[in-house]
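Letter by letter, the chains look like this.
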Amino acid sequence: MPAAIGILGGTFDPPHAGHVAAAVVAQKQLGLDEVRIIPAGQAPLRTGAPVASPADRAEMCRLAFAAYPWATVDEREMRREGTSWSVETAQELAKEYPESRRVWILGADQLARLDRWKDVAELCRLVEFAVLSRDGIPTEPPAAIASCIRLTILQAPPIRVSSTELREALRRGDSARNGLPLAVARHIDERSLYQA
Ligand code: ATP
């Protein structure tokens, strides 16, 4: 059983350098044996379905993280019906890895609204968190969960990239695709994803 596993959930529509940086920095700074990349089926707190299919998002995650032997793409949330609740994923992982340190990795934007996640007190019991700064958003937890959360602030320069910006650039046909891993960009071209 790994001593420490990281969990990076997201829509990954598409995966980009910010996701890779979050996993790499957490793996290094916390000495994680493994990082699970877990693409959501339908993410909570989001309107509208992801643009790319589950199969494409999972494949793009595999391509984005191919260089990192400690990273594995875990498709459990895509197989589950309905909304992908993080607390259910954390419960499953706690059963599978009861002795491991379990660290949920997220960006500051998600930490800022963690109090709106389903059953957050239970989630805080099941996993600790590691946060990476993003877009100048403070890396502080919301007051409502400040007393229960176990949180590490990762030290790394912020990476200014988002899936939303990339989808918009791809739809416009922009050649600027900063932050899109090359293999992911190739997959997007081959499959004509995110076009108008
Ligand atoms: P979208 O623009 O579609 O909302 P996103 O770029 O925020 O997508 P998600 O797949 O929603 O990407 O993010 C998954 C996780 O990765 C979240 O915890 C998010 O905060 C974190 N993350 C995404 N981009 C960055 C970034 N540039 N720096 C740090 N963390 C990031």
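Here the structure is a predicted model, which is why all the values come from computation and not from measurement. (Residues numbered from 1 in each chain as written. Predicted model: local features only at pLDDT ≥ 70, side-chain atom pairs only at ≥ 80, totals over all residues. Heavy atoms only, no water.)

Trainee: Go over the overall build of the chain with me, naming the residues and quoting the values.
Mentor: Within the chain, the regular secondary structure consists of eight helices and six strands. When the elements of the chain are put in sequence order from the N terminus, they spell out β-α-β-α-β-α-α-β-α-α-β-β-α-α. Against the globule reference of 16 Å for 196 residues, the chain gives a C-alpha radius of gyration of 16 Å, in line with a compact fold. Projected onto the principal axes, the alpha-carbon positions of the chain cover approximately 45 × 35 × 30 Å. Residues counted as buried form 49% of the 196 residues belonging to the chain. The long-range share in the chain, meaning contacts at least 24 apart out of those at least 6 apart in sequence, stands at 73%. Accessible area of the chain: about 9,600 Å², with a carbon and sulfur share of 49%. Once the 24 positive and 25 negative side-chain charges of the chain are each reduced to a mean point, those two points are 1 Å apart. (Helix = DSSP H or I, 4+ residues; strand = E, 2+ residues; numbered from the N terminus. Rg over C-alpha atoms; globule rule 2.2 N^0.38 Å. Buried < 20%, exposed > 50% of the residue type's maximum accessible area, 1.4 Å probe, protein only. Contact = heavy atoms within 4.5 Å. Areas by Shrake-Rupley, 256 points an atom, 1.4 Å probe, with all protein chains shown as cover. Lys, Arg positive; Asp, Glu negative; His and termini not counted. Charge placed at Lys NZ, Arg CZ, Asp CG, Glu CD.)

Trainee: If you had to explain the sheet that holds strand β6 (residues 151-153) to someone new, which residues and values would you point to?
Mentor: Ordered by their spatial adjacency, six strands build an open sheet running β3-β2-β1-β4-β5-β6, and the pairing between neighbours is parallel. Looking at the sheet topology across the chains shown, the edges are occupied by β3 (71-73) and β6. Looking at each pair of strands side by side, their axes are set apart by 25° on average, direction ignored. Here strand β1 (residues 4-10) pairs with strand β2 (residues 34-39) via six bridges, running parallel. Across the sheet, L8 pairs through a bridge with I37, a residue of β2. (Pairing = 2+ DSSP bridges. Axes fitted to C-alpha atoms, helices over the stretch in contact; angles between N-to-C directions.)

Trainee: Give me the lowdown on the environment of L182, citing residues and values where you can.
Mentor: Mapped onto the secondary structure, L182 falls in helix α8 (residues 182-190). Sequence separation of L182 and A64 is 118 residues, and the distance between their C-alpha atoms is 8.3 Å.

Trainee: Account for the pattern of salt bridges, naming residues and giving values.
Mentor: Summed over the entire model, instances satisfying the criterion amount to 16 salt bridges. Measuring nitrogen to oxygen at the nearest pair gives 2.6 Å for the salt bridge that ties D74 to R36. Here R36 lies in strand β2 and D74 lies in the loop between β3 and α3 (76-79), a separation of 38 residues in the sequence. One salt bridge connects R80 with E88, and the closest N-O pair in it is separated by 3.7 Å. Relative accessible area serves as the criterion here: at 27%, E88 is assigned to the partly exposed category. If you follow the salt bridges from partner to partner, you end up with E34, R36, D74, R76, R80, E88, E92 and E96 in one network. (Salt bridge = Lys/Arg side-chain N within 4 Å of Asp/Glu carboxyl O.)

Trainee: Give me the lowdown on the packing of aromatic side chains, citing residues and values where you can.
Mentor: A full pass over the atoms with the stated rule returns two aromatic pairs. Aromatic pair Y68 and W70: ring centres 5.2 Å apart, planes at 40°, arrangement tilted. Judged by relative accessible area, which is 14%, W70 ranks as buried. Plain terms: the ring middles of W104 and W117 are 6.2 Å apart, the flat faces sit at 80° to each other, and that makes the pair edge-to-face. Here W104 is found in strand β4 (residues 101-107), whereas its partner W117 is found in the loop between α5 (108-111) and α6 (120-126), with 13 residues between them in sequence. Across the pair, exposure class does not vary: W104 and W117 are buried alike. (Phe/Tyr/Trp six-rings, centres within 6.5 Å; stacked < 30°, edge-to-face > 60°.)

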